[in-house]
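# Structural overview for review
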Amino acid sequence: MKYSLVASLLASSTVVLGELVPVHFTAPSPAHFRDVVRNDTYDFGCRPVAQPTEDGKFRLAAWLSEPQIVELEKFYERDAEISVRRNLVKRAATAPIGTGDRFSSGTVAPKGLGQQASGTTIASILNLNEITSALNALKSVYGVNLLTLPSKTFEGRTQTVGYVGAGTDKSAYHLYLSAGIHARERGGPDNLIYWISDLLAANKAGTGLTYGKKTYTNAQVKSVLAAGIVFFPVVNPDGVAYDQANGNLWRKNRNTKSGSSGSSVGVDLNRNFDFLWNFKKYFSSSEAPASTSPSSEIFYGTAAASEPETKNHVSVYSSFPKIRWFVDIHSAVGDLLYSWGDDDDQTTTSTMNFLNSAYDGKRGPVGDTAYKEYIPFQDLTNVKNVASKMVAAMKAVGGRSYSAQQAVGLYPTSGATDDYAFSRYWQVPGANKVYGYTLEFAPSGNFYPTSAEFNTNILDTNAGFMDWALAAISVGLE
């Protein structure tokens with residue numbers, strides 16, 4: 001089908017977020033989805049992912065309004081190869097959001113799952129205020145350093161990162177993790193906070209950690225801490241507060257400058273970073289790596305790093321100039337992505353790169369020869385090496401399926417955290433080289449996990465963080 005036909009289906013419709021319905025497309029190959037994923041009025045989560053099915057076909061998850069579903073069902077009546085169906089499997093109740101403050105105003109430290117008996121569970125997802133309380137508790141109990149970031153969010157919230165393991169010298173910190181950039185991807189901040197808590201508790205007790213079938217020694221715990229960890233638990237607090245209050249699958253921040261109601265509110269922070277942000281200039285006109293429409297879930301904002309949350313995320317690199325490894329925590333697919341996300345990787349033609357204006361208007365289409373993004377061979381080797389270790393660890397915890405792959409996938413992206421991190425070495429004078437990843441923890445499509453899924457996510461990601469850090473240390477921190 002032609003993109004113009006797909007885009008025209010709902011050119012005049014209004015999406016009501018509270019009425020989004022989980023659906024899936026089915027087709028014989030991932031290539032069959034390329035036209036529909038170029039439509040920036042459809043919500044495919046963090047990014048479109050075509051997953052193989054047992055009958056040899058491929059499945060693409062999406063969240064659509066009823067009018068969108070009806071229009072697409074009518075349209076696909078003429079296409080025997082592609083279908084769209086509502087998800088009819090009844091799921092257990094989603095994990096509740098916590099009430100009150102389980103950390104008693106920052107005096108009781110969080111306790112993760114890595115030092116507790118097998119089968120222990122955490123009853124609820126952290127509410128936004130508890131995330132702040134958890135940071136304060138990590139400071140008061142374990143001496144974690146906190147840094148207030150320079151910009152307040154659109155709704156006036158102050159943002160804070162923690163840093164731990166390498167003392168007060170900020171140039172001794174090499175690992176950076178962030179979570180909560182997409183508000184609806186529940187559990188990301190929890191995964192990060194409970195991992196830091198486990199490291200500190202194990203370090204203090206002189207013990208190791210256990211996540212399902214994965215175990216780590218105290219020596220490994222100390223090694224990871226010594227690498228110096230910077231952690232940003234909730235990049236999008238305004239959006240998280242709104243999503244937790246309304247349960248409406250809210251993704252973006254809450255900036256009303258480009259739209260004051262409904263889906264026109266907010267910017268997708270993971271399309272707002274200064275990497276090929278002006279996609280209309282840099283990409284082929286056939287691609288939609290982001291959107292200029294405020295009503296789109298992937299609205300890119302009014303300028304590169306226009307949002308205070310983006311500015312704060314970027315400021316961490318200036319405060320901690322020797323960061324080498326970065327991972328941004330998302331859900332819900334079950335994969336780990338590495339650079340680049342704008343086009344296929346290639347290691348032979350260094351002049352074919354994102355800074356070369358000769359290739360403007362050619363980037364994006366995967367599988368063609370007009371443009372492929374240059375990555376030095378050793379860098380590609382390094383990122384794949386660490387990615388394979390992280391994925392293997394998450395698989396080993398309890399047997400869930402995870403994969404590592406290049407971020408471009410079915411379609412390109414622009415302005416994302418991982419590519420921005422990696423690109424800084426070439427576009428910011430004096431910047432350290434940073435290997436960036438996006439982790440999309442499983443299970444696929446469940447932004448609001450059940451209680452069982454929520455706890456399994458903690459186990460999987462925490463083991464993944466351990467092996468990611470250990471592999472990064474092995475490859476090199478300088």
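The paragraphs below set out a description of the structure included in this document. (Residues numbered from 1 in each chain as written. Predicted model: local features only at pLDDT ≥ 70, side-chain atom pairs only at ≥ 80, totals over all residues. Heavy atoms only, no water.)

## A short note on the sheet that holds strand β5 (residues 145-148)
The eight strands are arranged β5-β6-β10-β7-β11-β16-β12-β15 in an open sheet whose pairing can be described as mixed. Every interior strand has two partners, whereas the edge strands, β5 and β15 (403-406), have only one. Neighbour-to-neighbour, the strand axes of this sheet turn through a mean angle of 20 degrees, independent of strand direction. Here four bridges tie β5 to strand β6 (residues 160-164), and the two strands are oriented antiparallel to one another. Paired with T148 across the bridge in β6 is T160. Against the sheet, helix α4 (residues 128-142) touches β5, β6 and β10 (229-232), its axis set at about 135 degrees to β5. (Pairing = 2+ DSSP bridges. Helix = DSSP H or I, 4+ residues; strand = E, 2+ residues; numbered from the N terminus. Axes fitted to C-alpha atoms, helices over the stretch in contact; angles between N-to-C directions. Contact = heavy atoms within 4.5 Å.)

## Here we look at the packing of aromatic side chains
Ring pairs (aromatic) are described by centroid distance and by the angle formed between their planes. One pass over the full model with this rule turns up 30 aromatic pairs. Ring geometry for W63 and F447: centres 4.6 Å apart, planes at 35 degrees, overall tilted. Of this pair, W63 sits in strand β3 (residues 58-64) while F447 is found in the loop between β16 (435-441) and α12 (451-475), placing the two residues 384 residues apart along the sequence. Each member of the pair, W63 as well as F447, carries the same accessibility label: buried. Relative to Y76, the ring of F75 has its centre 5.8 Å away and its plane inclined at 85 degrees; by these criteria the two rings are edge-to-face. On the accessibility criterion, F75 (11% relative accessible area) is buried. Look at Y76 and you get buried, because its relative accessible area is 5%. Each member of the aromatic cluster is reached from another via a ring pair, and the members are F275, W325, W340, F354, F422, Y425, W426, Y435 and Y437. Against the face of Y242 rests R254, its NZ or CZ located 3.6 Å from the ring centre. Here R363 stacks its cationic end above the ring of Y371, 4.9 Å away from the centre of that ring. (Phe/Tyr/Trp six-rings, centres within 6.5 Å; stacked < 30°, edge-to-face > 60°. Buried < 20%, exposed > 50% of the residue type's maximum accessible area, 1.4 Å probe, protein only. Lys NZ or Arg CZ within 6 Å of the ring centre and 35° of its normal.)

## Observations regarding unusual backbone geometry
With an omega of 5 degrees, the peptide bond running from S331 to A332 counts as cis. Tracing the backbone through its elements, the reader meets A332 in the loop between β11 (325-331) and β12 (335-338). A positive phi angle is found at S104, which is not glycine, with a value near 50 degrees. Within the fold, S104 resides in the loop between β4 (83-86) and α4. Look at S104 and you get partly exposed, because its relative accessible area is 38%. Although it is not a glycine, L249 adopts a positive phi angle of roughly 60 degrees. Following the sequence through the fold, L249 ends up in the loop between α7 (237-246) and α8 (279-282). A relative accessible area of 13% means that L249 is categorised as buried.

## Things to note about the nonpolar core
W195, I196, L199, I229, Y437 and W468 are the most contacted members of the largest nonpolar core, which totals 88 residues. If we skip the residues at most four places from it in the chain, W195 touches L177, Y211, V224, I229, N462, F465 and M466. One finds V21, V37, F44 and Y76 within the second-largest nonpolar core, a separate group that totals 21 residues. (Core = buried A, V, L, I, M, F, W, Y, C linked by side-chain atoms within 4.5 Å.)

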